Amino acid sequence: MRRTAALLGVTLTGTLLLAGCGSSDDDAADLSVSGAYMPQPVSDSMAAGFLTVTNKGGTKDELTSVTSDLGEVTMHETVDAAMQETKRLDVPAHGQLVFKSGGTHLMFEKLKHQPKQGETVSVELHFADSDPVTVEMPVKSATYTPKTGH
């Protein structure tokens, strides 16, 4: 009987320890956005957008879509010097998803109006697992190059 009680105690303790090792909020994606901007578009129907999504969490997430009142927004990657639309982009655990000129970027089409320098464009980023993130994207000069290089 003593042996059974001792074994039960060890098993129960082990089970409780394993339960404490399970997934917690510390393991979830922890997303933030920085460096957002839109160069003033030279076209009245298309524009580009750039930003960085940082994930400080221990689990990756995926950016699945971007919406804006300005017009339709799609995500594009540059692959072998050619731009192609993509439906999902990884935001790695403890990493970043960087949208930059010449690389991954947002494409705004069918603009409702042509944004001018000094205005802001609101976008909402939608993720596979995390809540949406709203970003106010300032419109910069058409030749703006940020100090971060994107």
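The rules behind the values
Residues numbered from 1 in each chain as written. Predicted model: local features only at pLDDT ≥ 70, side-chain atom pairs only at ≥ 80, totals over all residues. Heavy atoms only, no water. Core = buried A, V, L, I, M, F, W, Y, C linked by side-chain atoms within 4.5 Å. Buried < 20%, exposed > 50% of the residue type's maximum accessible area, 1.4 Å probe, protein only. Helix = DSSP H or I, 4+ residues; strand = E, 2+ residues; numbered from the N terminus. Contact = heavy atoms within 4.5 Å. Polar contact = N/O pair within 3.5 Å; in protein donor to acceptor, adjacent residues only side chain to side chain. Salt bridge = Lys/Arg side-chain N within 4 Å of Asp/Glu carboxyl O.

By the naming in an unreviewed UniProt entry, the protein goes by Copper chaperone PCu(A)C and is assigned to Streptomyces justiciae.

**Digging into the nonpolar core**
Leu106, Phe108 and Met137 are the most contacted members of the largest nonpolar core, which totals 25 residues. The leading source of residues in this core is strand S9 (residues 120-127), at 4 residues.

**Describing the environment of threonine 67**
Counting through the fold element by element, threonine 67 comes out in strand S3 (residues 61-68). Separated by 57 residues in the primary sequence, threonine 67 and glutamate 124 have C-alpha atoms spaced 5.2 Å apart. Beyond its immediate chain neighbours, meaning those up to four positions away, threonine 67 contacts Val73, Ser122, Val123, Glu124 and His126. Within polar-contact distance, the side chain of threonine 67 engages the side chain of histidine 126 at 3.0 Å.

**What to know about the side chain of asparagine 55**
Assignment of secondary structure puts asparagine 55 in strand S2 (residues 46-55). Of the polar contacts made by the side chain of asparagine 55, one reaches the backbone nitrogen of glycine 57; its length is 2.8 Å. The contact partners of asparagine 55, leaving out residues within four places of it in the chain, are Ala29, Asp30, Leu31, Lys60, Asp61, Val91, Pro92, Ala93, His94 and Gly95.

**Observations regarding the pattern of salt bridges**
If you walk through the whole model with that rule in mind, you get 5 salt bridges. Between glutamate 62 and lysine 60 there is a salt bridge; the shortest N-O distance is 3.7 Å. Relative accessible area serves as the criterion here: at 18%, glutamate 62 is assigned to the buried category. When its relative accessible area of 42% is taken as the criterion, lysine 60 is described as partly exposed. Of the charged contacts in the structure, one is a salt bridge between glutamate 85 and lysine 87, with a shortest N-O distance of 3.1 Å. When its relative accessible area of 42% is taken as the criterion, glutamate 85 is described as partly exposed. Shared partners join several salt bridges into a network, and the residues in it are Lys60, Glu62, Arg88 and Asp90.

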